[in-house]
Amino acid sequence: LSINNWNQNRIERNKEKSILSELIIDLEDQSKLLETYIEVESSFYQNGKDILSYFATNQTFNNTDNSIYSKLNSLVTRKTFNPVNQTFKELIATGNIAIIQDKLTKRKIIKYYHELERISLIIDNNNIHIVDGIIQPEILKHTLFVLEEDDPRLEKMNSKIFDKKSLTTVRATSENLLSNPDNMLHLFNLLEQRTYVAMGHAELYKTIKLETEELLSDLKTQIN
């Protein structure tokens, strides 16, 4: 009986080590992805801030080099957050989370993945209801999604559809719309909201990245 108990305990400890190793791989992948998400949201934030700063100085959203259009166009896009949580989901589904012997470590793991899920829901909600639902359609009503100077793919597409005269006409229409005080106020509010959302997302990502690194360090200590 003693030998059987020892053997069963050895099997479970090996399995625990394997589980922790898989979690470490997931956390390392998550940490790398979070760096990308932080960069993307910081870029959105900076573009919104640049446009608002330009408006504060010039009292208009129109500019001669069309850089405003490029930055505005970036703000109608967004990046979906995909948490790396497959190993944790499997542990919960199979009940193997119980194999992790240290209770404090187990609590930290569960708390981390619950927080990861919470952040994922917040960002998905903001992307769907604010960026997709409000920001994108409203910005595109007033601005020109034509970047023939900046994007070779759009330039090629536009050259097949429009001639230079047509593009000039469309650009003039957008400039007139952006010169309307009501539209300026509307776009200003949209930019404030979009910039605030990007800043909030970046902060959430930075927070969860720190928590990812902390849990990663704890698990590496446990496995050694």
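Relevant structure appears above.
Keep in mind it's a predicted model, so treat the numbers as computed, not measured. (Residues numbered from 1 in each chain as written. Predicted model: local features only at pLDDT ≥ 70, side-chain atom pairs only at ≥ 80, totals over all residues. Heavy atoms only, no water.)

*Asks:* Let's hear about the overall build of the protein: which residues, and what values?
*Replies:* Across its full length, the protein carries seven helices and zero strands. When its helices and strands are written in sequence order, the protein yields α-α-α-α-α-α-α. The buried share among the 224 residues of the protein stands at 39%. Contacts spanning at least 24 positions in sequence make up 86% of the contacts within the protein whose residues lie at least 6 apart. (Helix = DSSP H or I, 4+ residues; strand = E, 2+ residues; numbered from the N terminus. Buried < 20%, exposed > 50% of the residue type's maximum accessible area, 1.4 Å probe, protein only. Contact = heavy atoms within 4.5 Å.)

*Asks:* Describe the pattern of salt bridges, with residues and values.
*Replies:* Enumeration according to the criterion identifies ten salt bridges in this entry. The partner of Asp50 in a salt bridge is Lys71, and the shortest N-O contact between them spans 3.0 Å. Taken as a pair, Asp50 in helix α1 (residues 2-58) and Lys71 in helix α2 (residues 67-74) lie far apart in primary sequence, 21 residues in all. Residue class for Asp50 comes out partly exposed when judged on its relative accessible area of 26%. Of the residues examined, Lys71 reaches a relative accessible area of 25% and is grouped as partly exposed. For Asp132, the salt bridge goes to Arg78, with nearest N and O atoms at 2.6 Å. With Asp132 in helix α4 (residues 103-142) and Arg78 in the loop between α2 and α3 (86-94), this residue pair connects regions lying 54 residues apart in the sequence. On the basis of relative accessibility, which here comes to 27%, the residue Asp132 falls in the partly exposed class. Through salt bridges that share partners, Glu35, Lys209 and Glu213 make up one connected network. (Salt bridge = Lys/Arg side-chain N within 4 Å of Asp/Glu carboxyl O.)

*Asks:* Hey, could you go over α4 for me, with residue numbers and the actual values?
*Replies:* With 40 residues, α4 extends 56 Å from end C-alpha to end C-alpha; this agrees with the ideal 58 Å at 1.5 Å per step. By the largest-angle criterion, Val131 marks the main kink of α4, which is about 40°. (Expected span 1.5 Å × (residues − 1). Bend = angle between axes of the 7 residues up to and from the residue.)

*Asks:* Outline the nonpolar core, listing residues and values.
*Replies:* In this structure, Leu23, Phe81, Ile109, Tyr113 and Leu219 are the most contacted members of the largest nonpolar core, which totals 27 residues. Examining the composition of this core, we find that eight residues originate from one element, α1, more than from any other. Not counting residues within four places of it along the chain, the set of residues in contact with Phe81 comprises Gln30, Leu34, Tyr37, Leu116, Ile119, Ser120, Ile123, Asp124 and Tyr205. (Core = buried A, V, L, I, M, F, W, Y, C linked by side-chain atoms within 4.5 Å.)

*Asks:* How would you summarise the side chain of Asn127 if you had to cite specific residues and measurements?
*Replies:* Within the element layout of this structure, Asn127 appears in helix α4. Not counting residues up to four positions away in its chain, the partners in contact with Asn127 are Arg78, Lys79, Thr80, Asp132 and His201.

*Asks:* Any details on unusual backbone geometry? Residues and values, ideally.
*Replies:* Positive phi, normally seen in glycine, also occurs at Gln59, with a value near 60°. With respect to the helices and strands, the residue Gln59 is situated in the loop between α1 and α2.

*Asks:* Tell me what's going on with helix α7 (residues 181-223), and back it up with residues and numbers.
*Replies:* Counting along an α-helix, one turn takes 3.6 residues, and residues three or four places apart therefore face a common direction. In this model, α7 (43 residues) spans 62 Å end to end at C-alpha, consistent with the 63 Å of a helix rising 1.5 Å per residue. Capping the start of α7 is the job of one residue whose side-chain oxygen sits 2.8 Å from the backbone nitrogen of Asp182: Asn180. (Polar contact = N/O pair within 3.5 Å; in protein donor to acceptor, adjacent residues only side chain to side chain.)

*Asks:* Residues and numbers for the side chain of Lys209, please.
*Replies:* Its place among the elements puts Lys209 in helix α7. Overall, the relative accessible area of 17% leaves Lys209 in the buried class. Setting aside residues up to four positions removed in sequence, Lys209 forms contacts with Ser31, Leu34, Glu35 and Ile38.

*Asks:* Which residues make up the packing of aromatic side chains, and what values do they have?
*Replies:* Counting across every chain of the model gives seven aromatic pairs. Ring geometry for Phe88 against Tyr113: centres 4.5 Å apart, planes inclined by 10°, an arrangement best described as stacked. In this pair, Phe88 is assigned in helix α3 and Tyr113 in helix α4, connecting sequence segments 25 residues apart. Owing to a relative accessible area of 4%, Tyr113 belongs among the buried residues under this scheme. When the ring centre of Phe44 is taken as origin, the NZ or CZ atom of Arg194, which lies over that ring, is 4.6 Å away. (Phe/Tyr/Trp six-rings, centres within 6.5 Å; stacked < 30°, edge-to-face > 60°. Lys NZ or Arg CZ within 6 Å of the ring centre and 35° of its normal.)

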